[in-house]
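# Chain and residue survey
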Amino acid sequence: MTTTRLDLLQGTLDLLILRTLVAESRHGWAISERIQLLSRDVLRVNQGSLYPALHRLEHQGWITSEWGVSELGRRARFYSLTASGRRQLDEEAEQWTRFSAAVGRVMRLA
Amino acid sequence: MKWSDVVLRVRALFAPRRAEQELSEELEFHIEMQARKHEAAGADPHQARALARREFGNLDLVKEDARDVRGLRPVEEIAQDVRYALRAFRRAPTFALSVVLTIGLGIGLTASVFTIFNAYVLRPFDVRDPHSLYSLQWMDRVGRIHDFSLADYSTLRRDNPAFAGLAAFHTVSTRLNGVAANGDAVTGDFFGMLGVQPALGRMLVPDDAGPVDGSPVIVLSHSAWRNRFGGDSNIVGRRILLRGYPYQVVGVARAGFEGLFKKPRDFWVPLGMLPRFEESADLSAPSRPELLSLLGRLAPNTSELQAATATLSKMQTQGAGRPDSSLAAHVFLISRASPLPRSLKSYLVFTPIAVAFALVLLLACANVANMMLARGLARQRELGVRLALGASRARLVRQLVTESMLLALPAVALGFAIAWLAIGVGVRAMFATLPADLAPFVRLVPLQPDARVLLFTFGTAFASALFFGLAPSLQTTKLSVVQATRGNFGAERSPTRLRNALVVAQVTVSTLLLIVAAILLREAGRLGRTDIGIRTRDVVSIETVDRSRAAVLARLRQSALVDVVAAAATLPLDAHFPTVAVVRSGDSSVVDVAYNRVSSSYFDVLTIGIAGGREFSPQDEHSATPAVVVSETAARQLWPGASPLGQTIHLQRREAGVRGADDSSLRQFQNARVVGIARNVVTQSLENGSDRAVMYLLTNADSSGCCFLAKVRGDPALAKRTLDDDLERTTPGAVSRIDRLETFVAGGVYPYRVAYWVSLSLGILALCLTLAGVYGVVSYVVGQRTREIGIRLALGATTRDVLKLVLSQSVRHAFSGIAIGGILAMGVARVLASSIQSMPAFDLVAFVGGSLCVLAACMGAAFVPSRAATTIDPTTTLRQE
């Protein structure tokens, strides 16, 4: 594999975390794995910023956490999306689409 | 801030260990999962785990970041600051101690004034819903204030939805067991309305209006029961005498209720007993005397304005048919929630005292700020290092303010204790220095500090700490990192400016307080020396009830102790003389003149000189035209440039039906002839002086409502006691008050003495604080300029030059402070002079004396440390660099 790993843009981590939680609640490791997997290993979540980000989102009220049992039978903290988190995700996703489209257009035409 | 945020932060604050543990577990789980992944990819378990750890990065840093989200940083930092400050105090215990003492003293003094203010204005009475209780008064169209007649009361009570209850009372004073006592004659619903319970027996009820078992009933206050009847548990049912009449005690009010007024009450009797206290008081007389004070409880959801409007309209209906001028124009509702209503007037009374004490606190704060500043400058190196190591300026300021707050906490405890002590000592000192005869008449409401005082103390301490902590810390942290790293910690100029301002402020305050003290001292001295013009030393005044009047007079005349007896309707020096409208013969204009009804020997007993004509003679009592003696001022005012002797005057009756004080005793004086001119004497209060127009009308010694004035032989105090005992034996209950005239004079001067002592103590305290301030600043300046002075000395400056250099600055401070303080004192003196007649607007001696005191003290305080400057050895100093 010769793909270069990219560092996440500032602020996109929150968006990705929220997105991964849409279908089901996950624990921290599962979130980072999911992002890595879906991005075909291009995006790699910096472990050091994942947990502060999760806690920050929880303080914002966009996700909640509860302790549950992981697939391997260990106690783990599962995060899930709240209603206001869903709204936030819609908003940020919208912004992201517009942003990337705009950047793409500039790159094509400039 | 979001709700989820608050919940999570609070949880983290109260269960920090759990939050921490959960974080560790969460991160541990992550690493474990990662390790399993590597293991699945074929790594051996040990390596897999190490790899996972490496990938994760610095675990502690992640934890720290996660913690930041929880927002516990500030709390941790405060804890850190506190620990740091405590260590600093341990290194400089003298500093910490002197700050606590100075601030504690200032807070204590302020808190003691607040305790008094709280007791009189803020603390509500211990009765049911005190905030809905109001006193009522009304004003007629010409602006006279009135109480209510019995008829008014029954009208106002009848279907009046504005009030949930309306009680009437009349305050009476008498003697109970030989000591002055205050009480209220109240309507039966009084206690029911207030919701006051008895400690023993029962309170008064509506049925008490009539006699019970042939004798009327009385309820005692808890403290009267404790202090005057020794807390006798069998008091209920006992008979006690008031004014010679027996009353049956039916109950004792519970502790904490002593009426709704400034003067605590000792007893309550039914309103029907009023004539036994004031014999002329006939509530149902056709003249409808306005003897009733009304106390109402506002109905729920009724505003003061609504109640006043409703009362006014009822009063106007009630007054229909009366002359216009005596119709009700306005009704006042005065809150009875506390001894003094929470009104602008009450606040104004306390403002000057509060300001004087607050100034002392301010001085204390200024001193501490100065100390903090000096300490901050001495710590420049430490602060510089911390700044260079990455502490922000805000962080340093927070650190220094935390230190101030920590110092303020013990100051709160100290201040609370000082306030408690100061009040106790002050009250005791007051009763110890009061003229002994006056002491029974002086009554205070309970002055113990409560939660409100404690809160105030905390608030004051907090504000002081901000003041003495924040300004210096902002000042001393003004270091630049560049400077600090270069090791240049030299102080800038601005801290010096702040210090100078503080010293000038201190000098200002102490000058102000000392000048005011001097003004009050001179006023007390002036009043003490005032020639009041009447004999007071050996004259005893005796108030008696009408039914024993003849017996008392006879006894006094017989007594070997008594030289001469006179009678007067109004006691000189004790009360204001009433006025009457006078028309001179041959002139139609009406003049109001103060008058007193006196017996023929009045001038003899009080040795009032006769300036012209003659004094009253025994024949005048039987003369067809009553005789009048006028004072010199009255003579000048009524007959300018002419002799009053032989002139006749007509005393105008008030218009028929006009409500108000119509002295029925004046009926015989329709026309009177002036027979003499009396010298001006002080008749009312000392401050009012002796130049008041007074008219003396002749009356019989035994006429109703008069007091006796007896000139006694031998020791006046002993004579008074002997007379009192003698009269009590022969005519029990006859004497309602017996005093030496001297007591009234002493009572007039006393308030000035108190004011003088208070302002002098404050002034001296302020001066001490100022001295410390001046001393500190000069020492600091000398310390800072050691090198400069050393060079000057080396270059040949004399000791004189050096002294001049150091002292000139202090002189400048002292003069600026004294000038500002003097100007402020002038303002205060003007206010005082406008309310006290005998006080001059500008008392030069007081101003010069006060200023010189401050100047001398400042020079003294500056001189001591500046002498140190002269002993500087140039060689040593210069080698130090």
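Residues numbered from 1 in each chain as written. Chains lettered and ligands numbered in written order. Predicted model: local features only at pLDDT ≥ 70, side-chain atom pairs only at ≥ 80, totals over all residues.

## A few points about the domain arrangement of chain B
All names here are of chain B. Note the threshold: Residue ranges assigned to each domain were obtained from an automatic or database domain assignment. We call two residues in contact when the distance between their C-beta atoms, placed using the backbone, is within 7 Å. For this classification, the nonpolar set comprises Ala, Val, Leu, Ile, Met, Phe, Trp, Tyr, Cys and Pro, the charged set comprises Asp, Glu, Lys and Arg, and every other residue, Gly included, is treated as polar.
Along its sequence, chain B is organised into domain 1 (3-71), domain 2 (130-337), domain 3 (352-529 + 748-880) and domain 4 (539-742). A C-alpha centroid distance of 51 Å is found between domain 2 and domain 3. If you look at the interface, domain 2 gives 4 residues, while domain 3 gives 4 residues. In terms of residue class, the side of domain 2 that touches domain 3 is built from 3 nonpolar, no polar and 1 charged.

## Observations regarding the nonpolar core
Residue and element names in this part refer to chain B. Basically, it comes down to this: Each nonpolar core comprises buried Ala, Val, Leu, Ile, Met, Phe, Trp, Tyr and Cys residues, the members being joined through C-beta atoms within 7 Å. With C-beta atoms placed from the backbone, a residue is labelled by how many other C-beta atoms lie within 10 Å of its own: buried for 20 or more, exposed for 12 or fewer, partly exposed between the two. Each helix is a run of DSSP H or I of at least 4 residues and each strand a run of E of at least 2, with the numbering of both proceeding from the N terminus.
Core analysis: the biggest nonpolar cluster contains 158 residues, and Leu513 and Val628 have the highest contact counts within it. Take this core: its biggest share by element is 18 residues, from helix H22 (residues 741-784). Taken domain by domain, this core gets at least three of its residues from each of domain 3 (352-529 + 748-880) and domain 4 (539-742). Ignoring any residue separated from it by four or fewer positions in sequence, one finds Val628 in contact with Ile649, Ala672, Arg673, Val674, Val675, Met695, Tyr696 and Leu697. Core analysis: the next-biggest nonpolar cluster, separate from the first, contains 57 residues, Tyr153, Ala185, Leu271 and Ala307 among them.

## Quick notes on the sheet that holds strand S3 (residues 75-81) of chain A
Residue and element names in this part refer to chain A. Applied cut-off: What makes two strands pair is DSSP finding at least two bridges between them.
Judged by pairing direction, the sheet is antiparallel, and its 3 strands sit side by side in the order S1-S3-S2 without closing on themselves. This sheet does not close on itself; its edge strands, each paired only once, are strand S1 (26-27) and strand S2 (63-69). Of the pairings in the sheet, the one linking S2 to S3 comprises 7 bridges and is antiparallel in character. What sits directly across from Thr64, in S3, is Ser80.

## Focus: the interface of chain A and chain B
Counting residues at the interface gives 16 residues for chain A, matched by 19 residues for chain B. Within the residue set of the side of chain A that touches chain B, elements represented by two or more residues are helix H2 (28-38), helix H3 (47-60) and S3 of chain A. Ranked by residue count, the leading element in the side of chain A that touches chain B is H3 of chain A, at 9 residues.

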